Number of protein chains: 2
Amino acid sequence: MLKSADKSEVLKLGNQLCFPLYACAKEVIKIYRKPLEKIGLTYTQYIVLMVLWEYGAMSEKSLGEKIYLDSGTLTPVLKKLEKSGFVRRERLKADERVLQISLTENGSKLKEKAVDIPQVLDGCIHLTYDEMITMKKLLNKALEGTKERNKND
Amino acid sequence: MLKSADKSEVLKLGNQLCFPLYACAKEVIKIYRKPLEKIGLTYTQYIVLMVLWEYGAMSEKSLGEKIYLDSGTLTPVLKKLEKSGFVRRERLKADERVLQISLTENGSKLKEKAVDIPQVLDGCIHLTYDEMITMKKLLNKALEGTKERNKND
DNA sequence: ATTTAACAAATTGCACACAATTTAATTGTA
DNA sequence: TACAATTAAATTGTGTGCAATTTGTTAAAT
């Protein structure tokens, strides 16, 4: 149990976990913005395509589960990717409720232009390789925990 | 140098640092949402108040630098906080360009209701205390690096 | 077979987030 | 002193992000 004076310490930015997490995510996305713009993608569109490049076609719902986005966000993003000519959106004949998302020829080819994108972090994130590995592991472990928590929202 | 086959490995979600960072930040903010709603705040408003609770009154610009937000985002957020009665927005007499942001009585008092908020993570982030400390350190170190990078955008 | 429940997307409304531009005030300089 | 450059906020336009609701389809129960 903390004393009252210590308790208010937790509200300092520097003592919070949530703040550097929030700020760091934003800054990293900002670094990705320019190189992504060159190949015609936003960050969210890039995340969507990474899933399709790795796993192939899947429903909007499955896609949303992988990247923690619901249809409210995903539907307009997918419509834009369709308009850009990178994905197809088709109802499954077997079940008209589900929208199957698949890569077009151009969407598949875009992967080759995207392989160099992750390197943009190398110059500007001042972490050693080991530190990056550690951070990735911890973030993934934390994500696992939140998955259960936010499931029933 | 990686071979071509290995190169495409970097685009897998599990191999990226940026994806768990992006997803984890969103999930953590989602956890904060409900308890914050109870005291009448959004996450961004909470971040703003944390700065004011810790450092006291300051200009919109200084505030924005601390939390990595520009006036485009901050101006409407501060107007809402003013409407809620938690902050004052006043032009400095010495320099009418700068908008001084200060806490109202209610804004100051809100801190006592907010001290319990950070604990919401305890139950749902499955990290040990040491892991949280490590993660916080690494995130802050990474943030330092990005600061220089995104300065001239 | 009809009704009900469950499900997947889409829609709506609100709140960021940020690049780019504009507005208003101040500073620096010829 | 004028006037250009700089600065701080505000504004504009686009793109998420999410809770809540709606729409359309399928499965389950009576």
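Residues numbered from 1 in each chain as written. Chains lettered and ligands numbered in written order. Predicted model: local features only at pLDDT ≥ 70, side-chain atom pairs only at ≥ 80, totals over all residues. Heavy atoms only, no water.

1. Some words on the overall build of chain A
Here is step 1: Looking only at helices and strands, chain A features eight helices and three strands.
Here is step 2: Counting helices and strands in the order they occur from the N terminus, chain A gives α-α-α-β-α-α-β-β-α-α-α.
Here is step 3: Its C-alpha radius of gyration of 19 Å places chain A more than 25% over the 15 Å reference for a compact globule of 153 residues.
Here is step 4: Seen along its three principal axes, the alpha-carbon backbone of chain A occupies a region of about 60 × 40 × 25 Å.
Here is step 5: Looking at chain A as a whole, 46% of its 153 residues are labelled buried.
Here is step 6: Residue pairs at least 24 apart in sequence account for 48% of intrachain contacts in chain A once pairs closer than 6 positions are excluded.
Here is step 7: If you sum the accessible surface of chain A, you get close to 8,300 Å²; carbon and sulfur atoms cover 50% of it.
Here is step 8: A distance of 3 Å separates the average location of the 27 positive side-chain charges in chain A from that of its 21 negative side-chain charges. (Helix = DSSP H or I, 4+ residues; strand = E, 2+ residues; numbered from the N terminus. Rg over C-alpha atoms; globule rule 2.2 N^0.38 Å. Buried < 20%, exposed > 50% of the residue type's maximum accessible area, 1.4 Å probe, protein only. Contact = heavy atoms within 4.5 Å. Areas by Shrake-Rupley, 256 points an atom, 1.4 Å probe, with all protein chains shown as cover. Lys, Arg positive; Asp, Glu negative; His and termini not counted. Charge placed at Lys NZ, Arg CZ, Asp CG, Glu CD.)

2. Thoughts on the interface of chain A and chain B
Here is step 1: Tallying the contact residues gives 65 residues for chain A and 65 residues for chain B.
Here is step 2: When chain A packs against chain B, the two sides together hide about 6,400 Å² of surface, and 71% of this comes from carbon and sulfur.
Here is step 3: Area buried by chain A at its contact with chain B is led by Leu11(A), Leu17(A) and Tyr22(A), which between them contribute 11% of it.
Here is step 4: Where chain A meets chain B, there are two salt bridges. (Buried area = accessible area lost by both parts, 1.4 Å probe. Salt bridge = Lys/Arg side-chain N within 4 Å of Asp/Glu carboxyl O.)

3. Considerations on the packing of helix α3 (residues 43-55) of chain A against helix α5 (residues 71-83) of chain A
Residues and elements named next belong to chain A.
Here is step 1: Two elements in contact, α3 and α5, have axes separated by 10 Å at closest approach and are oriented at 80°. Relative to α5, the element α3 is oriented roughly perpendicular. Packed against α3, whose contacting residues are Thr44, Gln45, Val48 and Leu49, the element α5 presents Leu74, Val77, Leu78, Lys80 and Leu81 at the interface.
Here is step 2: Of the residues belonging to the contact of α3 with α5, the class tally is six nonpolar, two polar and one charged. (Axes fitted to C-alpha atoms, helices over the stretch in contact; angles between N-to-C directions. Parallel < 35°, antiparallel > 145°, perpendicular 65-115°, else oblique. Nonpolar A, V, L, I, M, F, W, Y, C, P; charged D, E, K, R; others polar.)

4. So, the pattern of salt bridges
Close approach of charged atoms allows side chains with opposite charge to pair.
Here is step 1: According to the stated counting rule, one finds eleven salt bridges over all chains in the structure shown.
Here is step 2: For Arg97(A), the salt bridge is made with Asp95(A), and the minimal N-O distance between the two is 2.9 Å.
Here is step 3: Judged by its relative accessible area of 23%, Asp95(A) is partly exposed.
Here is step 4: Between Lys141(A) and Glu131(B) there is a salt bridge, with the nearest N and O atoms lying 2.9 Å from each other. On the criterion of chain membership, the pair formed by Lys141(A) in helix α8 (residues 129-149) and Glu131(B) in helix α8 (residues 129-149) is interchain, its members lying in two chains.

5. Quick look at the domain arrangement of chain A
Residues and elements named next belong to chain A.
Here is step 1: Structurally, chain A comprises domain 1 (17-114) and domain 2 (123-153).
Here is step 2: Look at where the C-alpha atoms of domain 1 and domain 2 centre, and you get two points 20 Å apart.
Here is step 3: With four residues of domain 1 at the interface, the matching set in domain 2 holds five residues.
Here is step 4: With both sides pooled, the region where domain 1 packs onto domain 2 buries about 390 Å², and carbon together with sulfur makes up 86% of that total.
Here is step 5: Put simply, domain 1 and domain 2 have zero residue pairs in polar contact (both at pLDDT 80 or more) between them.
Here is step 6: Across the side of domain 1 that touches domain 2, the residue classes break down as four nonpolar, no polar and no charged. (Domains from an automatic or database assignment. Polar contact = N/O pair within 3.5 Å; in protein donor to acceptor, adjacent residues only side chain to side chain.)

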